[in-house]
Amino acid sequence: MKAVILAAGEGKRLRPFTETIPKVMLPVANKPVLEYVIDAVKKNGLNEIIIVVGYKKEVILEHFKNYKGVKITYVVQEKQFGTAHALMHAKDHIKDTFIVLSGDNIIDHKSISKLITDDSKYSILIKEHPNPSKYGVVFIEKEKLREIVEKPKEEVGKFISTGIYKLPKTIFDNISELTSQGIYDLSSIIQSIVDKDEKINTIIADLWRDIVYPWDLIHLNETMIQRTPSSLGGTIEKGVTIKNDVSIGTDSTIYSGCYIVGPVIIGEGCEIGPNVCIFPSTTIGNNTVIQPFSQVENTVIMDDVRICSGSLIKNSVIGRGCIIENNFTSLDGSSTIEIEGEFKKLEKIGTMIGEDCYIGSSVVVEPGKIIGRRCKIASLKRIVDNLPSNTNVM
Amino acid sequence: MCGIVGYNGFREAQKVLIDCLKRLEYRGYDSAGIGIIGKQLQIFKEVGEISKLEKQIPFFDGDIGIGHTRWATHGAVTKENAHPQLSSNKKIALIHNGIIENFKKLKEDLEKKGVKFSSQTDSEVIAQLINENYKGNLKDAVFSTIKKLKGSYAIAVVCNDEPNILVGARKESPLVIGVGDNENFLASDISALLKYTNRVKYLDDGEICVLSKTSIKIFNENKEEITKKEEIINWELKDAEKSGFPHFMLKEIFEQPDTIHRALLGRVSEIDRTIKLHEKVEDLLNYDIQSIHIIACGTSYYSGLVGKYLIEQFTNIPVFVELASEYRYFGTKNEKSLIIGVTQSGETADTLAALREAKNAGCRTIVITNVMGSTATRISDAYILTQSGPEIGVAATKTFTSQILILLLIAFKLAMLKNKLGADELSNYIFDMKDLPKKVREVLEQSDKILDIAIQLKNVESVFFIGRGINYPLSLEGALKLKEISYIHAEGFAAGELKHGPFALLTQITPVITIVTKDNTYDKVIANIGEVKARGPEVIAIAEENDTEIEKHADFVIRFPGNSSPLSCIPIIVILQLLAYHVANLRGCSIDKPRNLAKSVTVE
């Protein structure tokens, strides 16, 4: 059986982090979301995967160039109309029954195993969700799918579609039929099949996680980092204290006096210390430097970042390539954020900084603020508002 | 250059050989062939692509054979001149990479004895000679034959009378043994074999090997059996595949944030403010060095030229960059001069010969190469690996930037050892170096903008690249990249030299690509742009992101991120690579296999 993974989307709601990389490539515990999906598929013995790419596809091609154990074929969806339209691009590679997954949701291999061993012609993985109204809500009757409603305004059920299906090859005929009428999303195609009295088995997924907003990166990292075992590579100088599960990549150096309490992941080629404290649920990417007397907690720091001395960072996301000068503080606390016309209150939130920002010495950022990509902030500034990308704070 | 594969094992030899030959295609070739022993020795060869050969070839049963891609040196591109070459009694089949210098004399001698030749190749002479010497033992026949050969060779031979063994020998041309379970391989380079094995043994000059299905015997030039260590190559087959990119070249350009990171990995420490190279390298740099000779060919030569500016700037030690093919015969070999050989493959024949010459003259030698275990790493006193993974595109990209980074590391290390650079200054440069992957990433994000400018160059006949200082060798490299893959005539000039001649060639339809950095020659380069504009051509400037002045002078501007510094050369090169790539792609050129070019030039 082959698997099709849809990975062409941009993920606009995750800006600024998706300005240069597609949503599926956002790192969770130092591994792109898409890699979790491919791993889960591979663990089930499926060894041919078709990935539909589009937005910033080179980032995907480059990352998976050394991926082992499965044959990956890429097809390009130039314009992103919808999930069914994306799936249609894989048509020529599919000979019989297959599974389709979205590349931007973490899924575990056991759920996929349940899906592929199910003997129904059509099957769907579903999941209980606290905020179902943002998703395709599914209504079930005797374990069969009765109705699937995208982002319902009124009464909603508690189960949502994970967008993961097992489908027969004939699905492409259904898609052709409906796309000619201007319908491009997979949920509508599935609904049309239900309407034709076909039985679609519903299977409940064990672990399924979505990233919708930038702060989800912090929570998802916290969940997934617990699954990373301890492994100490690189050089660890005398006088470093390490507790719980800590993973340190090759050619990284942890200098004397550091105090690290896991779960913590540190990538390759990093330099940490001397005297840096790193507390639980922190992930640090490759080639990143954290200078003396800084403290980091429950934070995602991506690749090529430099954090200078005396900085305090909690509950935050620091994008790739940021340079943060001395004595930076991300205040953490509660914050009310306006998003898509709604107000959302977040607790214990720090700051989210996009790629390649330069932040001068002694800058303080209020809780929950989002700083866009390539912003420049002069020393001694206090940031109280979100900053769009390329802002200069003089 | 010619590619060689040999197989002796349990699989269908035909399938294995064709498969491996396809992976040697990147070396460049004009014809190909295979020879297999089943019930008897059969050969098939054809001019053109391997895919063509694959379609035409009848099925040969057999589990031992040899295969070859030919890049013509002696004799035209014909079916007869393709390999394998047979002895006239069709007993011996041989494939060869290299050049036999005394082949005319050997051929005449054989013709006097009545041997009939059917090709113009020097390789047939070896096959015929082995047959003459054959007394029932192929190994002995090969031994007596190679004693008479002058020049370079890597050969693989099979004999109809001994259908269980494959014999290989080499001198100054690459040949590696791939070790399998109940099967063994020979190949010009390991990337051909990665699908089957990553265990190798390297053969040295003058040695020969006899491969059966289950054993590998290696003999030195005195016919004594010797043992060799088996080495594991940590390259993956996937490294040698396009993984979804339309061309290897584009894949390799996009790999650069990662390869730059790998070139610096473990060598640069920001917290300790230091550069660490291998102990042996540091020892060699610690001597009294009065001058440095960098020896290389092609793109590696240009990285040497860039290295010259970097090393001289930071250490004040004079650096001479020499073409290996010239240096080996004409260069001065001075004991007080440190020799740095730069070769991506580690097998470039001219560079190897030049290194040997220098070593014989008592010079200390360091090699910068991408291939661990290659000949260059074994004949030099010390080596530094670029750690870029296999490069398949004929136009060098990622290895070029990594070679420059290694030269930069040498420059900084020398400056540290000779106290030429203050700790604080060095620390700033280390910060800048660590930022390079990010800078290159920013350039790659501009790929579409560079494509827009490439459209301007799509139909021109000639392009000039100009720059001063370190930007002069960058101009040369930019021109080389463009001409080798897009077939547009391109020349790089030192900007100040334009009026000393090249202006005569400048017309209104010759775009001039100018590299402008904010250094002490900035105003001069702006003046040069003025001179060019006065004659009508369009000027495309490559300039730093904060340079607002340049827009007033140039027609188009491509920006590199950050401020100008000696390290800006890296993002600038990536811009030049993308520009060349997009132009060639728009023109529909064969980007990964440009006409008449070969990846590693293993003959002189």
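Parameters and conventions
Residues numbered from 1 in each chain as written. Chains lettered and ligands numbered in written order. Predicted model: local features only at pLDDT ≥ 70, side-chain atom pairs only at ≥ 80, totals over all residues. Helix = DSSP H or I, 4+ residues; strand = E, 2+ residues; numbered from the N terminus. Rg over C-alpha atoms; globule rule 2.2 N^0.38 Å. Contact = placed C-beta atoms within 7 Å. Buried ≥ 20, exposed ≤ 12 C-beta atoms within 10 Å, placed from the backbone. Expected span 1.5 Å × (residues − 1). Arc of directions from axis to C-beta. Pairing = 2+ DSSP bridges. Axes fitted to C-alpha atoms, helices over the stretch in contact; angles between N-to-C directions. Nonpolar A, V, L, I, M, F, W, Y, C, P; charged D, E, K, R; others polar. Right-handed = clockwise from strand over helix to strand, strands pointing away. Domains from an automatic or database assignment. Parallel < 35°, antiparallel > 145°, perpendicular 65-115°, else oblique. Left-handed = near helix turned anticlockwise from the far one by under 90°. pLDDT = per-residue confidence, 0-100.

Chemist: Can you tell me about the overall build of chain B, naming the residues and giving the values?
Modeler: Within chain B, the secondary structure is distributed over 19 helices and 27 strands. Against the compact-globule benchmark of 25 Å for 604 residues, chain B has a radius of gyration of 25 Å, which places it among compact chains. Judged by the C-alpha coordinates and their principal axes, chain B covers about 80 × 50 × 45 Å. Nonlocal contacts in chain B, meaning residues at least 24 apart in sequence, comprise 71% of its contacts between residues at least 6 apart.

Chemist: Residue-level account of the overall build of chain A, with values.
Modeler: For chain A, the count of helices and strands is seven helices and 40 strands. By the compact-globule yardstick of 21 Å for 394 residues, chain A fits well, its C-alpha radius of gyration being 22 Å. Taken along its principal axes, the extent of the C-alpha atoms in chain A is 65 × 45 × 35 Å. Residues classed as buried in chain A amount to 52% of the 394 residues present.

Chemist: Now, about unusual backbone geometry: what can you tell me, with residues and values included?
Modeler: With an omega of -5°, the peptide bond running from Gly-273 of chain A to Pro-274 of chain A counts as cis. Within the secondary structure, Pro-274 of chain A sits in the loop between strand E21 (271–272) and strand E22 (277–278). Between His-83 of chain B and Pro-84 of chain B the backbone carries a cis peptide bond, its omega angle lying at 0°. Mapped onto the elements of the fold, Pro-84 of chain B is located in the loop between strand E4 (64–70) and strand E5 (85–86). Of note, the phi angle at Asn-315 of chain A is positive, near 50°, even though the residue is not glycine.

Chemist: Help me get a handle on helix H18 (residues 522–533) of chain B, residues and values and all.
Modeler: All names here are of chain B. With 12 residues, H18 should cover 16 Å at 1.5 Å per step; its first-to-last C-alpha distance of 17 Å lies within 8% of that length. For H18, the complete set of buried residues consists of Val-525, Asn-528, Ile-529 and Val-532. The arc that holds every buried residue of H18, seen down its axis, measures 105°, which confines them to one face. Exposed side chains of H18 directed beyond 90 degrees from the buried face belong to Asp-523 and Gly-530. At its buried positions, H18 is contacted by strand E23 (462–467), strand E25 (512–516) and strand E26 (539–544).

Chemist: Mind laying out the sheet that holds strand E11 (residues 199–202) of chain B, listing which residues take part and the relevant values?
Modeler: Residues and elements named next belong to chain B. Overall, antiparallel pairing links the eight strands, which are arranged E3-E2-E4-E1-E10-E9-E11-E15 in an open sheet. With partners counted over all chains shown, the strands left at the sheet margins are strand E3 (41–47) and strand E15 (231–232), one partner each. Summarising the sheet, strand E2 (residues 31–37) and E3 pair through seven bridges and their orientation is antiparallel. Within E3, the position partnered with Ile-34 by the bridge is Phe-44. Against the sheet, helix H1 (residues 13–24) contacts strand E1 (3–8), E2, E4 and strand E10 (184–187), and its axis sits at roughly 155° relative to E1.

Chemist: I'd like a rundown of the interface of chain A and chain B, residues and numbers included.
Modeler: Contact with chain A, which involves 21 residues of that partner, is made by 19 residues of chain B. Ranked by residues supplied to the side of chain A that touches chain B, first place goes to helix H2 (residues 57–63) of chain A with three residues. Looking at the side of chain A that touches chain B residue by residue, the classes come out as five nonpolar, eight polar and eight charged.

Chemist: Help me get a handle on the pairing of strand E21 (residues 364–369) of chain B, residues and values and all.
Modeler: Residues and elements named next belong to chain B. Within E21, six of the six residues are buried, which leaves it mostly tucked inside the rest of the structure. What you see with E21 is no split at all: Arg-364, Ile-366 and Ile-368 on one side and Thr-365, Val-367 and Thr-369 on the other are buried throughout. Taken together, the six bridges between strand E20 (residues 337–343) and E21 define a ladder with parallel strand orientation. Looking at E21, one finds that Ile-339 is bridged to Thr-365. Read as a crossover between parallel neighbours, the route from E20 over helix H11 (residues 349–360) to E21 is right-handed. The sheet contact formed by E21 and strand E22 (residues 382–385) spans four bridges and is parallel. Residue pairing in the sheet places Ile-368 in a bridge with Ile-384 of E22.

Chemist: Describe in detail the domain arrangement of chain B, supporting the description with residues and values.
Modeler: What the domain assignment lists for chain B is domain 1 (3–239), domain 2 (247–434) and domain 3 (446–604). For domain 1 of chain B and domain 3 of chain B, the distance between their C-alpha centres works out to 43 Å.

Chemist: Give me the lowdown on the packing of helix H7 (residues 256–264) of chain B against helix H15 (residues 436–445) of chain B, citing residues and values where you can.
Modeler: Residues and elements named next belong to chain B. Between H7 and H15, whose axes approach to 8 Å, the crossing angle comes to 165°. When the axis of H7 is compared with that of H15, the two are roughly antiparallel. The hand of the H7/H15 crossing is right-handed. Contacts between H7 and H15 pair Gln-256, Pro-257, Ile-260 and His-261 from the former with Leu-436, Pro-437, Val-440 and Arg-441 from the latter. Looking at the contact of H7 with H15, its residues break down into five nonpolar, two polar and one charged.

Chemist: Can you break down the pairing of strand E19 (residues 319–323) of chain B residue by residue, with the values?
Modeler: All names here are of chain B. Pairing geometry for strand E18 (residues 291–296) and E19, over five bridges, is parallel. Counted as the bridge partner of Ala-296 is Leu-323 from E19. The handedness of the E18 to E19 crossover, carried by helix H9 (residues 298–315), is right-handed.

Chemist: Can you lay out the packing of helix H3 (residues 103–112) of chain B against helix H4 (residues 122–133) of chain B for me, pointing to particular residues and giving the numbers?
Modeler: All names here are of chain B. Two elements in contact, H3 and H4, have axes separated by 10 Å at closest approach and are oriented at 45°. Classified by the angle between their axes, H3 and H4 sit oblique to one another. In this structure, the crossing between H3 and H4 has a hand that is left-handed. Taking contact as the criterion, the partners of Phe-103, Leu-106, Lys-107 and Leu-110 in H3 are, on H4, Asp-122, Val-125, Gln-128, Leu-129 and Glu-132. Across the contact of H3 with H4, the residue classes tally to five nonpolar, one polar and three charged.

Chemist: Can you tell me about the sheet that holds strand E30 (residues 323–324) of chain A, naming the residues and giving the values?
Modeler: Residues and elements named next belong to chain A. Strand order in this open sheet of nine strands is E15-E18-E21-E24-E27-E30-E35-E38-E40, and the pairing throughout is parallel. Unpaired on one side and paired on the other, strand E15 (235–236) and strand E40 (392–393) mark the two borders of the sheet. When E21 meets strand E24 (residues 289–290), the two strands line up parallel, connected through two bridges. Residue pairing in the sheet places Glu-271 in a bridge with Val-289 of E24.

Chemist: A description of the domain arrangement of chain A should follow, citing residues and the corresponding values.
Modeler: Residue and element names in this part refer to chain A. Here the domain parsing of chain A yields domain 1 (2–212) and domain 2 (220–393). One C-alpha centre belongs to domain 1, the other to domain 2, and the line joining them spans 32 Å. At the junction of the two partners, domain 1 supplies 11 residues and domain 2 supplies 17 residues. Of the residues belonging to the side of domain 1 that touches domain 2, the class tally is seven nonpolar, two polar and two charged.

Chemist: I'd like a rundown of the confidence of the model for chain B, residues and numbers included.
Modeler: Segments scoring low in pLDDT should not have their predicted coordinates read at a detailed level. Counting all residues, the mean pLDDT for chain B is 87, and 96% of those residues have values of 70 or more. Listed scores for the predicted complex are pTM 0.77 and ipTM 0.74.

Chemist: Quick rundown of helix H16 (residues 447–457) of chain B? Include the residues and the values.
Modeler: Residue and element names in this part refer to chain B. What H16 keeps buried is the set Ile-450, Ile-453, Ala-454 and Leu-457. All buried residues of H16 fall inside an arc of 110° around its axis, so they share one side. Residues of H16 that are exposed and point more than 90 degrees away from the buried face comprise Asp-448, Asp-452 and Ile-455. Considering only its buried residues, H16 is in contact with E23, E26, strand E27 (556–560) and helix H19 (569–586).

Chemist: Help me get a handle on the environment of Gln-295 of chain A, residues and values and all.
Modeler: Summarising the element assignment, Gln-295 of chain A is placed in strand E25 (residues 295–297). Ignoring any residue separated from it by four or fewer positions in sequence, one finds Gln-295 of chain A in contact with Cys-277 and Leu-312 of chain A.

Chemist: Report on the environment of Ala-76 of chain B, specifying residues and quantitative values.
Modeler: Residue and element names in this part refer to chain B. Within the element layout of this structure, Ala-76 appears in the loop between E4 and E5. Given 12 C-beta atoms within 10 Å, Ala-76 falls into the exposed group. The spacing of Ala-76 and Thr-121 is 45 residues in sequence and 8.7 Å in space, taken between C-alpha atoms.

Chemist: Residues and numbers for the environment of Gly-319 of chain A, please.
Modeler: Residue and element names in this part refer to chain A. Structurally, the position occupied by Gly-319 is in the loop between strand E29 (317–318) and E30. With 38 residues separating them along the chain, Gly-319 and Cys-357 place their C-alpha atoms 8.1 Å apart. Residues within four places of Gly-319 in sequence aside, it is in contact with Pro-16, Phe-17, Met-302, Ile-353, Gly-354, Glu-355 and Arg-373.

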